[in-house]
Amino acid sequence: MSFVEYGDTIKDGDTAIVFLGHESMFPVKVQHGTVTQTKYGVIRHSMDLIGKKYGSKVTCSKGGWVFILHPTPELWTMNLPHRTQILYSTDISVITMMLELKPGSIVCESGTGSGSLSHALIRTVAPTGHLYTVEFHQQRAEKAREEFREHGVEHLVTVTNQDVCKNGFGVSNIADAVFLDIPSPWEAIGHAKSALKAEGGRICSFSPCIEQVQRTCLAMEEYGFTEINTLEILLRVYNVRTISLQIPDLGKTAEDNSSTGFDSSNPSNQGSPCTNLQQGTVQFKSGVPLREMVGHTGYLTFATKS
Ligand SMILES: C[S@@+](CC[C@H](N)C(=O)[O-])C[C@H]1O[C@@H](n2cnc3c(N)ncnc32)[C@H](O)[C@@H]1O
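Remember, predicted model here, so these are calculated numbers, not experimental data.

Draft legend 1. Representation of the site of the ligand in the model. As a matter of local geometry, the ligand sits amid 24 residues, with Glu135, Arg140, Asp163, Val164 and Asp181 nearest to it. Note that a nitrogen atom of the ligand is positioned 3.2 Å from one of the backbone N or O atoms of Phe136. Contact between the ligand and Asp181: a nitrogen atom at 2.9 Å from a side-chain N or O atom of the residue. Coverage of the ligand by the protein amounts to 91% of the 610 Å² it exposes when considered alone. When contributions to the shell around the ligand are tallied by element, the ones reaching two or more residues are helix H4 (116-125) and helix H6 (164-167). Residues belonging to the shell around the ligand are distributed by class as follows: 9 nonpolar, 11 polar and 4 charged.

Shown next as structure tokens:
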């Protein structure tokens, strides 16, 4: 297993995802002789995991079952231990596309934070590209290095423990793209320009507040970046639900259901997703938006060095 290559079977030392449901999963480090507790009982790594195929349904000691999934950057983002606020897959997907990343790309990033974005960047640039990521918090930098090693991607990433605003990315004229997720990105724009290839490249800065965006845009302009563009991505998730509605009693006889428009004997209703199971009730499938509103994550400011 590695985060950039699919492995068929679960091995000692792998990071696997224990999937109990869409709202309930967690990562587990597979180790001979270890057990993992779930609400369905215990999973014994030697017996239940090692040697089984990824995607297997594993029965726990209380008789309930879980699926064991191969890790991906998206599953890692949903399950990683938070050391900082992180970026989620909706923003990450747009960042990847708008930075024009592909296998072979050289990318600079700061800060590394919890490594949520880093894993996605590494997967995209593999097998021939590289990520240079800068984190000034020493423990976070070390933890990120350790995770990259455990996830089989250490050869694709260099973690540097320094202040990007003072010391830059530690490389010059080699990057195709630069990404910033720090409180004062405007202080790193000059270093970003030096890190990018002489022939040019793309930059993105993520900031929660519009005042940060304003200062960043001014700095980008000052350093000669063009195509400066700020956007925000809002995801709308729908659940598929069966809805039952009461057909109003308009005073006609119960047998005369043609007036409801849901008469299954009517040829024009053949193939309709509606069913009239109970007298006076109609059922249909519908996409229902989640009750909670999706909140603001941050503004994404993109620009080009040309
Ligand atoms: C919000 S987190 C980044 C999260 C990351 N994008 C992710 O998806 O996991 C910001 C990180 O930047 C680091 N940081 C802030 N200012 C920095 C600077 N000037 N140089 C290097 N790292 C910095 C912080 O220590 C923190 O870990």
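Draft legend 2. Examining the sheet that holds strand E8 (residues 130-134) more closely. Spatially, E9-E8-E7-E10-E11-E15-E12 is the arrangement adopted by the 7 strands of the open sheet, whose pairing is mixed. Since the sheet does not close on itself, it has two edges, and those belong to strand E9 (157-160) and strand E12 (226-231), each with one partner. With strand direction ignored, the average angle separating the axes of adjacent strands in the sheet is 15°. Inspection of the sheet shows strand E10 (residues 177-180) paired to strand E11 (residues 201-207) by 4 bridges, in the parallel sense. Directly across from Phe179, in E11, lies its bridge partner Cys204. Across the sheet, helix H5 (residues 138-150) lies against E8 and E9, angled at about 165° from E9, the strand it touches most. Lying on the sheet, helix H8 (residues 210-222) is in contact with E11, E12 and strand E15 (299-305); it crosses E15 at an angle near 5°.

Draft legend 3. Highlighting the UniProt feature "binding site: S-adenosyl-L-methionine" (unreviewed entry) in the chain. Look at the UniProt record and you will see "binding site: S-adenosyl-L-methionine" (unreviewed entry) annotated at Ser114, Gly115, Ser116, Leu117, Glu135, Asp163 and Asp181. With a relative accessible area of 5%, Glu135 lands in the buried category. Looking at Glu135, its side chain comes within polar contact range of the main-chain nitrogen of His137, at 3.0 Å. Along the chain, Asp181 falls in the loop between E10 and helix H7 (189-195). Residue Asp181 is classed as partly exposed on the basis of its relative accessible area, which comes to 28%. When sequence neighbours within four positions are dropped, the list of residues in contact with Asp181 reads Leu87, Ser110, Gly111 and Phe206.

Draft legend 4. Structural detail: the pattern of salt bridges. Under the defined criterion, the tally for this structure stands at 9 salt bridges. Taking the shortest distance from any N to any O, the salt bridge between Glu74 and Arg123 comes out at 2.7 Å. With Glu74 in helix H2 (residues 73-79) and Arg123 in helix H4, the pair connects residues that are 49 residues apart, well separated along the chain. Between Asp176 and Lys197 there is a salt bridge whose closest N-O contact spans 2.8 Å. Taken as a pair, Asp176 in the loop between H6 and E10 and Lys197 in the loop between H7 and E11 lie far apart in primary sequence, 21 residues in all. Classification of Asp176 as partly exposed rests on a relative accessible area of 23%.

Draft legend 5. Seen up close, the pairing of E11. Within E11, 7 of the 7 residues are buried, which leaves it mostly tucked inside the rest of the structure. With respect to chirality, the unit in which E10 leads through H7 into the neighbouring parallel E11 is right-handed. Pairing between E11 and E15: 7 bridges, direction antiparallel. Within E15, the position partnered with Phe206 by the bridge is Leu300.

Draft legend 6. Representation of H5 within the structure. Compared with the 18 Å implied by 1.5 Å per residue over 13 residues, the 19 Å span of H5 between its first and last C-alpha is a close match. All of the buried residues along H5 are Ala141, Ala144, Glu147 and Phe148. Along H5, the residues classed as buried sweep out an arc of 125° about the axis, all on the same side. Those residues of H5 hidden inside the fold are in contact with H2, H4, E8 and E9. Trailing H5 by a residue or two, Gly152 shows a phi angle of about 70°, which is positive.

Draft legend 7. Representation of the sheet that holds strand E6 (residues 65-69) within the structure. Pairing within the open sheet is antiparallel, and its 4 strands lie in the order E2-E1-E6-E5. Strand pairing shows two members of the sheet lacking a second neighbour, strand E2 (24-29) and strand E5 (57-59), which therefore form its edges. Within this sheet the neighbouring strands show an average axis-to-axis angle of 35°, counted without direction. Across 3 bridges, the pairing between strand E1 (residues 15-21) and E6 is antiparallel. Pairing of Val18 across the sheet is with Ile68, part of E6.

Calculation criteria
Throughout this description, residue numbers start from 1 for each chain and increase along the sequence as written. Whole-chain, interface and lining totals are the exception, using all residues; otherwise, since this is a predicted model, local features are given only for residues with pLDDT of at least 70 and side-chain atom pairs are given and counted only at 80 or more. Neither water nor hydrogens contribute to the side-chain values; these are computed over all heavy atoms in the structure. Here a residue counts as near a molecule or strand whenever at least one of its heavy atoms sits within 4 Å of it. Think of a polar contact as two N or O atoms within 3.5 Å of one another; within protein, one of them needs to be a possible hydrogen donor and the other a possible acceptor, and neighboring residues in sequence only count if both atoms come from side chains. Values of accessible area rely on a 1.4 Å probe in the Shrake-Rupley scheme; residue burial ignores everything except the protein chains shown. What counts as a helix is a DSSP run of H or I of at least four residues, what counts as a strand is a run of E of at least two, and both are numbered from the N terminus. Each residue gets one label: Ala, Val, Leu, Ile, Met, Phe, Trp, Tyr, Cys and Pro are nonpolar, Asp, Glu, Lys and Arg are charged, and the others, such as Gly, are polar. Should DSSP find at least two bridges between two strands, the strands are taken to pair. All axes are obtained by fitting lines to C-alpha atoms, using only the stretch in contact for helices, and the reported angles, taken between N-to-C directions, cover 0 to 180 degrees. Here, two residues are considered to be in contact whenever any of their heavy atoms come within 4.5 Å of each other. UniProt positions are given in the numbering used here, feature names are shortened, and annotations may be inferred rather than shown by experiment. Any residue under 20% of the maximum accessible area for its type is buried, any over 50% is exposed, and the rest in between are partly exposed; the area is computed with a 1.4 Å probe on protein chains only. Should a side-chain nitrogen of Lys or Arg be within 4 Å of a carboxyl oxygen of Asp or Glu, the pair is scored as a salt bridge. Note on handedness: a clockwise path from strand one over the helix to strand two, with the strands aimed away from the viewer, defines a right-handed crossover. Working rule for helices: expected span equals 1.5 Å times residues minus one. Relevant arc is that of directions from the helix axis to the C-beta atoms, nothing else.

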